[in-house]
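Secondary and tertiary structure notes
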Amino acid sequence: MRSLIDIQQLSVEEIDELIAKANDIIAHPEAYREKCKYKKLATLFFEPSTRTRLSFEAAMYELGGQVLGFSEAQSSSAAKGESVSDTVRVVSGYADIIAMRHPKEGAPLVASMAATVPVINAGDGGHLHPTQTLTDLLTISREKGRLDNLTIGFCGDLKFGRTVHSLIAAMARYENVKFALISPAELKLPSYIKKEILQEKKLEYIQTTDLSSVMPQLDILYMTRVQRERFFNEEDYLRLKDSYILTPQKLENARSDLSILHPLPRVNEISTAIDSDPRACYFKQALYGKYIRMALIMKLLEVE
Ligand code: NCD
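Figured I'd write up the structure that's included with this text. Quick caveat, the model's predicted, so the values are computed rather than measured.

Axis separation between helix α2 (residues 51-62) and helix α10 (residues 282-300) bottoms out at 8 Å; the angle between their running directions is 55°. What the angle tells us is that α2 and α10 run oblique. Note that α2 runs across α10; the crossing there is right-handed. Every residue of α10 that contacts α2 at Arg51, Thr52, Ser55, Phe56, Ala58, Ala59, Met60 and Glu62 is listed here: Ala286, Gly289, Lys290, Tyr291, Arg293, Met294 and Ile297. Across the contact of α2 with α10, the residue classes break down as eight nonpolar, three polar and four charged.

Let us look at the site of the ligand. Residues in contact with the ligand, as listed here, are Thr52, Arg101, His129, Gln132, Arg162, Thr163, Arg225, Gln227, Pro263, Leu264 and Pro265. One nitrogen or oxygen atom from the side chain of arginine 101 is found 3.1 Å from an oxygen atom belonging to the ligand. Proline 263 is positioned such that a nitrogen or oxygen atom in its backbone is 2.9 Å from a nitrogen atom of the ligand. Surface burial for the ligand is 94%, taken as the share of its 310 Å² of free accessible area covered by protein chains. Residue classes in the shell around the ligand are distributed as three nonpolar, five polar and three charged.

Time to look at the pattern of salt bridges. The tally for this structure, following the rule as stated, stands at 17 salt bridges. Among the ionic pairs, lysine 299 bridges to glutamate 14, the shortest N-O distance being 3.0 Å. In this pair, lysine 299 is assigned in helix α10 and glutamate 14 in helix α1 (residues 12-27), connecting sequence segments 285 residues apart. A relative accessible area of 15% means that glutamate 14 is categorised as buried. Bridged by salt links that share partners, the residues Arg2, Glu14 and Lys299 form one connected network.

Cut-off values and rules
- Residues numbered from 1 in each chain as written.
- Predicted model: local features only at pLDDT ≥ 70, side-chain atom pairs only at ≥ 80, totals over all residues.
- Heavy atoms only, no water.
- Axes fitted to C-alpha atoms, helices over the stretch in contact; angles between N-to-C directions.
- Helix = DSSP H or I, 4+ residues; strand = E, 2+ residues; numbered from the N terminus.
- Parallel < 35°, antiparallel > 145°, perpendicular 65-115°, else oblique.
- Left-handed = near helix turned anticlockwise from the far one by under 90°.
- Contact = heavy atoms within 4.5 Å.
- Nonpolar A, V, L, I, M, F, W, Y, C, P; charged D, E, K, R; others polar.
- Near = heavy atom within 4 Å.
- Polar contact = N/O pair within 3.5 Å; in protein donor to acceptor, adjacent residues only side chain to side chain.
- Areas by Shrake-Rupley, 256 points an atom, 1.4 Å probe, with all protein chains shown as cover.
- Salt bridge = Lys/Arg side-chain N within 4 Å of Asp/Glu carboxyl O.
- Buried < 20%, exposed > 50% of the residue type's maximum accessible area, 1.4 Å probe, protein only.

Given below as structure tokens:
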């Protein structure tokens, strides 16, 4: 029985297999329609979500399985003071696999220790989001045909953006990937990630506040939302929220084969005028999230 809490628990080979499986599902969806018949997925979401929860649920339905769960802490016994451990211990008797999102960093890890079925971290506070990373890797590999020899720019809230933390950890394992970290000074990538991943592996990276200075070098631009819910005060959020708004003008010095990714939801950091640009990949990316989650559910349930 295996859980997925941190993307680094998967080897590069396993990630490649998941990507290959997702590509096969996209090509032959009918072959997968009964793979998880009689299996149940529980989605325990203690924090808001649209894509992650619904793509998990759609993934399980498309595999022929069933879904139960809750989408807010208020409607669960957490509101009565139940611990995460007790909740998942009980839910382990109702479902074959659990996807959990929680505002507290580490909650899904704690859950995985109490559960008797696999637990998938669907986002824990400002920490990690491994299934978004699998989504991002599938998108990059389909757009670029490779996951190595790439320059990737991360722009926006690199401090609280859990999708950024997990994707950097994953991309760091491929050959010759260079990183540009673009954020306001207050929202820089946490130093533990810089130290433990970028510096430890001696990877090439630059840190800047100026998007236009790095734009011409980028193969991928990963935009993110300023994570309002993680701020201690609203004034800081209001001051920082419009730091980067991607407009067609700002793409003037970008490469013609740039891929623009965003985990979504978008607030205002990408102008809607960019949606029709062929370089915009974020809606495709959200769709790919369903297929890679189908591949992951099958892997963790050991379904062949
Ligand atoms: C992200 C998240 O929840 O961290 N959304 C998602 O899962 N697609 C990004 C965000 O909320 O900004």
